[in-house]
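Single-letter residue listing:
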Amino acid sequence: MNVADLRQEYMRAGLSETQADRDAMRQFEAWLQEAVSAGLPLANAMTLATASAQGVPSARVVLLKGVERGAFVFYTNYFSRKGQELAARPAACAVFLWSDLERQVRIEGTVEKVTPQESDAYYGSRPLGARLSAWASAQSEKVADRQVLEKAMAEVKKKYAEQPPRPPHWGGYRLIPAQIEFWQGRADRLHDRLLYRRQSSGWSIERLAP
């Protein structure tokens, strides 16, 4: 296989300044709804990039769990690699790719923890197995083998049964955007790119060259 030969023409739609919502969050919610309505798998999946205190980048796919009060909410283990990096450098970039719609959204901003009450509410809504594994798995730490995880899970099940409390090291973050770029694929690689920048009175919009 020659990876360089893998190509695609983008022909589905365009994105103009007159079409786009003046509010970046409303524009995102409209695109997310279209991705969900199109039946795209894991339409709420986003690549989340963070960096260590030394500036070493890392990225992983996480699930968006809310668009609330002008921010993007996700949940994780605070002791995980991303949690440690966010503690050292509370900023991140998230990218949504909806390839069937020939769209991307890139979000850059600062990150802060949600309230304990918000984390409790979301944790309580998760399936039991997911709540138990938040206790059993020391995310990002080395383990000798699979049996170590399964043993830890069995011990947690025995200890908490069907009522595990939220671990203090597990909870949510809010990515508060400073800028959001909407990318729509177009023919001949002349893609549409609209960049929203947060201003004191709303959002500014500018077009970027593809």
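Quick note: structure is the one above.
Right, let's walk through the structure included here.

Rules and cut-offs
Starting from 1, residues in each chain are numbered consecutively following that chain's sequence as written. Only residues with pLDDT of 70 or above have their local features reported here, since the model is predicted, and side-chain atom pairs are shown and tallied only from 80 upward, although totals for entire chains, interfaces and linings are computed over all residues. Where side-chain values are given, they derive from all heavy atoms of the structure, hydrogens and water being excluded. A run of DSSP states H or I qualifies as a helix once it reaches four residues; a run of E qualifies as a strand once it reaches two. Both are numbered from the N-terminal end. Type-normalised accessible area, obtained with a 1.4 Å probe on protein chains alone, sets the label of each residue: buried when under 20%, exposed when over 50%, and partly exposed for intermediate values. Note on definitions: a residue-residue contact is assigned when non-hydrogen atoms from the two residues lie within 4.5 Å. Every accessible area reported is derived by Shrake-Rupley at a probe size of 1.4 Å, with residue values counting cover from the shown protein chains alone. The charge count includes Lys and Arg as positive and Asp and Glu as negative, but it does not include His or the ends of the chains. For this purpose, a charge sits on NZ of Lys, CZ of Arg, CG of Asp or CD of Glu. Polar contact criterion, stated in full: a pair of N or O atoms within 3.5 Å, where within protein one must be able to donate a hydrogen and the other to accept it, and residues adjacent in sequence count only if both atoms are side-chain atoms. Whenever a helix is involved, its axis is fitted only over the stretch in contact; in every case the axis is a line through C-alpha atoms, and angles between N-to-C directions fall within 0 to 180 degrees. Roughly parallel covers angles under 35 degrees, roughly antiparallel covers those over 145, roughly perpendicular covers 65 to 115, and oblique covers all other angles. By convention the crossing between two helices is left-handed if the near helix lies anticlockwise of the far one by an angle smaller than a right angle, and right-handed if it lies clockwise. Each residue gets one of three labels, nonpolar for Ala, Val, Leu, Ile, Met, Phe, Trp, Tyr, Cys and Pro, charged for Asp, Glu, Lys and Arg, and polar for the others, Gly among them. The working definition used for a salt bridge is a side-chain nitrogen of Lys or Arg within 4 Å of a carboxyl oxygen of Asp or Glu. Under the pairing criterion, centres of Phe, Tyr and Trp rings, with the six-membered ring standing for Trp, must be within 6.5 Å; the plane angle then separates stacked pairs below 30 degrees from edge-to-face pairs above 60, leaving the rest tilted.

With that settled, the discussion passes to the overall build of the protein chain. Along the backbone of the protein chain there are five helices and nine strands. Scanning the protein chain from its N terminus toward the C terminus, one meets helices and strands in the order α-β-β-β-β-α-β-β-α-α-α-β-β-β. Seen through its principal axes, the protein chain has C-alpha atoms that stretch 60 × 50 × 40 Å. Per-residue burial for the protein chain yields a buried fraction of 41% across its 210 residues. Expressed as a percentage of contacts within the protein chain between residues at least 6 apart in sequence, the contacts between residues at least 24 apart total 65%. Split by element, the accessible area of the protein chain, about 12000 Å² in all, is 52% carbon and sulfur. Across the protein chain, 29 positive and 24 negative side-chain charges occur, with their mean positions spaced 5 Å apart.

What follows concerns the side chain of Glu181. Within the secondary structure, Glu181 is located in strand E7 (residues 170-184). Among the residues examined, Glu181 registers a relative accessible area of 5% and is labelled buried. Separated by 2.5 Å, the side chains of Glu181 and Arg106 make a polar contact. At 2.6 Å, the side chain of Glu181 and the side chain of Arg193 are in polar contact. Residues within four places of Glu181 in sequence aside, it is in contact with Gln104, Val105, Arg106, Arg193, Leu194, Leu195 and Leu208.

Moving on, we come to the side chain of Thr50. Note on placement: Thr50 falls in strand E1 (residues 45-51). Residue class for Thr50 comes out buried when judged on its relative accessible area of 5%. Polar side-chain contacts of Thr50 include one of 3.1 Å to the side chain of Arg60. Beyond its immediate stretch of four places on either side in the chain, Thr50 contacts Val56, Pro57, Ser58, Arg60, Lys82, Glu85, Leu86, Ala91 and Ala92.

On to the packing of helix H4 (residues 128-136) against helix H5 (residues 146-160), then. One can describe the packing of H4 onto H5 by two numbers: an axis separation of 9 Å at closest approach and a directional angle of 115 degrees. By the angle class used here, H4 and H5 are roughly perpendicular. Handedness of the H4/H5 crossing: right-handed. Contacts between H4 and H5 involve Gly129, Leu132, Ser133, Trp135 and Ala136 from the former and Ala152, Met153, Val156, Lys157 and Tyr160 from the latter. Across the contact of H4 with H5, the residue classes tally to seven nonpolar, two polar and one charged.

With that out of the way, let us pick up the pattern of salt bridges. Evaluation of the coordinates by the stated rule reveals 15 salt bridges. Residues Arg81 and Glu85 are paired through a salt bridge, measuring 2.9 Å at the closest nitrogen-oxygen approach. Placement of the pair is Arg81 and Glu85 together in helix H2 (residues 81-88), with a separation of four residues, close to one helical turn.

So, about the packing of aromatic side chains. Going through the model one piece at a time under the given rule, you end up with 14 aromatic pairs. An angle of 20 degrees between the planes, with centres 4.3 Å apart, marks the rings of Tyr75 and Tyr122 as stacked. Of this pair, Tyr75 sits in strand E4 (residues 71-77) while Tyr122 is found in helix H3 (residues 116-125), placing the two residues 47 residues apart along the sequence. Neither residue differs from the other here; Tyr75 and Tyr122 are each classed as buried. Their ring planes at 65 degrees and their centres at 5.5 Å tell us that Tyr123 and Trp170 sit as a pair that is edge-to-face.

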